[in-house]
Amino acid sequence: MKQFATITVIGRDKTGVVAGVTSFLFERHANIEALEEQVTRGQFSMTMQASWPKKNFDSAALRAGLNQLAAQLGMEIKVRFSEIGRRQRFAIFVTREPRCFETIALAVAKKSLNADPALVVGNHASFESLAKKYRLPFVHVPWEDRAGAETKALKLLDEYEVDFVVLARFMKILSPNFVWRYKNKIINIHPSLLPSFPGPQAYRQAYERGVKIAGCTAHFVNMHLDEGPIIAQGSFPIRPGMSLPQLVETGQKLEAKVLLKAVKSYLTNRLDVYWGTVNEV
């Protein structure tokens, strides 16, 4: 049996960080199973998957050692532990539109989703009553100050031991500072067949352009708006004479199904992101 961990390293770019972290893990008999790092505008980020023989594994000692290494390197280093077969915990981020949230909550209630919702984060307090209907903890995080809101949200994700995040029509843009910490672990639904019509008012754009087929896209969130690796898509024909409200209503029904499909695909642990493309392995 093995103990698995995801380690994230974030901070200003400098030499020796990769060598320092990998050497630290090697000295503690870790097997590095995956490593991805990048630098964007001077900001360094690295995500690593590591494993150890479970016998005599000391998670507290490893965490303490990584904290000490973080201080030495002047970086932020976080570790999240996981085990094969353990049910993952996820957070649902919402704004006002309830359909995607309710579809996921119903799937949880019917035990058709192999994961546990740890909490619901909403930027409007009015959503709390719907979360309570499904007996899910709700935390209101106002989003007028994005930096402060993201700091609070990240603390909540740590506190509730969240493995991945589902954006159920969460109408706020997450900064690279947030996304780096959950690389390929934030699933969003966008109301268009990406790469067409990114950004806001996607249905209106489709309607005004006169397209004959519209749809939605579930994708991993990355540092670029609506450009993350695509997990699942769904489409529907735009009938002659179809109004914009009818188009939106049809699209929102489909969004919920496609987002749930993407979450289920993610939970199979068979999705591999390679050069910005999701492949099922």
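That block above? That's the structure.
Residues numbered from 1 in each chain as written. Predicted model: local features only at pLDDT ≥ 70, side-chain atom pairs only at ≥ 80, totals over all residues. Heavy atoms only, no water.

### Describing the overall build of the protein chain
Now for step 1: If you tally the helices and strands in the protein chain, you get eight helices and 13 strands.
Now for step 2: For the protein chain, the C-alpha radius of gyration of 20 Å lies close to 19 Å, the compact-globule estimate for 281 residues.
Now for step 3: The principal-axis extents of the C-alpha atoms in the protein chain amount to approximately 65 × 40 × 40 Å.
Now for step 4: Considering the protein chain as a whole, with its 281 residues, one finds that 48% of them fall into the buried category.
Now for step 5: In the protein chain, the share of contacts with a sequence separation of at least 24, taken over all contacts with a separation of at least 6, comes to 66%.
Now for step 6: As displayed, the protein chain has an accessible area near 14600 Å², and 52% of this comes from carbon and sulfur atoms.
Now for step 7: The protein chain carries 37 positive and 26 negative side-chain charges, and their two centres are separated by 5 Å. (Helix = DSSP H or I, 4+ residues; strand = E, 2+ residues; numbered from the N terminus. Rg over C-alpha atoms; globule rule 2.2 N^0.38 Å. Buried < 20%, exposed > 50% of the residue type's maximum accessible area, 1.4 Å probe, protein only. Contact = heavy atoms within 4.5 Å. Areas by Shrake-Rupley, 256 points an atom, 1.4 Å probe, with all protein chains shown as cover. Lys, Arg positive; Asp, Glu negative; His and termini not counted. Charge placed at Lys NZ, Arg CZ, Asp CG, Glu CD.)

### Some thoughts on the sheet that holds strand 7 (residues 138–140)
Now for step 1: Strand order in the open sheet formed by seven strands is 7-6-5-8-9-10-11, with mixed pairing between adjacent strands. The open sheet has two edge strands with one neighbour each: strand 7 and strand 11 (230–237). Averaged over all pairs of adjacent strands, the angle between their axes in this sheet comes to 20°, without regard to strand direction.
Now for step 2: Sheet topology places strand 10 (residues 213–220) next to strand 11; seven bridges connect them, and they run antiparallel. By the bridge assignment, threonine 217 is partnered in strand 11 with glutamine 233.
Now for step 3: The strands that helix 3 (residues 99–109) touches are strand 5 (88–94), strand 6 (115–122), strand 8 (164–167) and strand 9 (186–190); relative to strand 5, the one it contacts most, it runs at about 155°. (Pairing = 2+ DSSP bridges. Axes fitted to C-alpha atoms, helices over the stretch in contact; angles between N-to-C directions.)

### So, the environment of lysine 155
Now for step 1: By the element assignment, lysine 155 lies in helix 5 (residues 146–159).
Now for step 2: Taking the C-alpha atoms as reference points, lysine 155 and glutamate 33, separated by 122 residues in sequence, lie 27 Å from one another.

### A look at the packing of aromatic side chains
Two numbers describe a pair of aromatic rings. These are the distance of the centres and the angle of the planes.
Now for step 1: The full count for this structure, using the stated rule, is eleven aromatic pairs.
Now for step 2: Ring centres 5.1 Å apart and planes at 80° place the aromatic pair tryptophan 143 and phenylalanine 170 in the edge-to-face group. With tryptophan 143 in the loop between strand 7 and helix 5 and phenylalanine 170 in the loop between strand 8 and helix 6 (176–179), this pair connects stretches of sequence that are 27 residues apart. Grouping residues by exposure puts tryptophan 143 and phenylalanine 170 together as buried.
Now for step 3: Counting every residue linked through ring pairs, the aromatic cluster contains Phe93, Trp143, Phe170, Phe178 and Tyr182. (Phe/Tyr/Trp six-rings, centres within 6.5 Å; stacked < 30°, edge-to-face > 60°.)

### Description of the packing of helix 1 (residues 17–27) against helix 2 (residues 59–73)
Now for step 1: Viewed as axis vectors pointing N to C, helix 1 and helix 2 meet at an angle of 160°, and their least axial separation amounts to 11 Å. As the angle between them shows, helix 1 and helix 2 are arranged roughly antiparallel. The crossing of helix 1 and helix 2 is right-handed. Side by side, helix 1 and helix 2 meet where Val17, Gly20, Val21, Phe24 and Leu25 of the first sit next to Leu62, Gly65, Leu66, Leu69 and Leu73 of the second.
Now for step 2: The class makeup of the residues in the contact of helix 1 with helix 2 is eight nonpolar, two polar and no charged. (Parallel < 35°, antiparallel > 145°, perpendicular 65-115°, else oblique. Left-handed = near helix turned anticlockwise from the far one by under 90°. Nonpolar A, V, L, I, M, F, W, Y, C, P; charged D, E, K, R; others polar.)

### A few points about the side chain of glutamate 150
Now for step 1: Within the element layout of this structure, glutamate 150 appears in helix 5.
Now for step 2: Buried charge glutamate 150 goes without a salt bridge, the closest partner of opposite sign being arginine 146 at 4.2 Å.
Now for step 3: Aside from chain neighbours lying at most four places away, what touches glutamate 150 is Trp143, Ile173, Leu174, Ser175, Asn177 and Phe178. (Salt bridge = Lys/Arg side-chain N within 4 Å of Asp/Glu carboxyl O.)

### As for a nonpolar patch on the surface
Now for step 1: Together, Val18, Ile32 and Leu35 line one region of the surface with nonpolar side chains, adding up to about 190 Å² of accessible area.
Now for step 2: Mapped onto the secondary structure, leucine 35 falls in strand 2 (residues 31–40).
Now for step 3: On the basis of relative accessible area, leucine 35 is assigned to the partly exposed category, the value being 39%. (Patch = residues over 30% accessible without salt bridge, like charges linked within 9 Å, V, L, I, M, F, W, Y side chains within 5 Å.)

### Brief notes about the environment of valine 162
Now for step 1: Within the secondary structure, valine 162 sits in the loop between helix 5 and strand 8.
Now for step 2: Along the backbone, valine 162 and leucine 25 are 137 residues apart, and their C-alpha atoms lie at a distance of 23 Å.
Now for step 3: Excluding residues within four positions of it along the chain, valine 162 makes contact with Arg80, Arg89, Phe90, Ala91, Ala118, Leu119, Leu157 and Tyr182.

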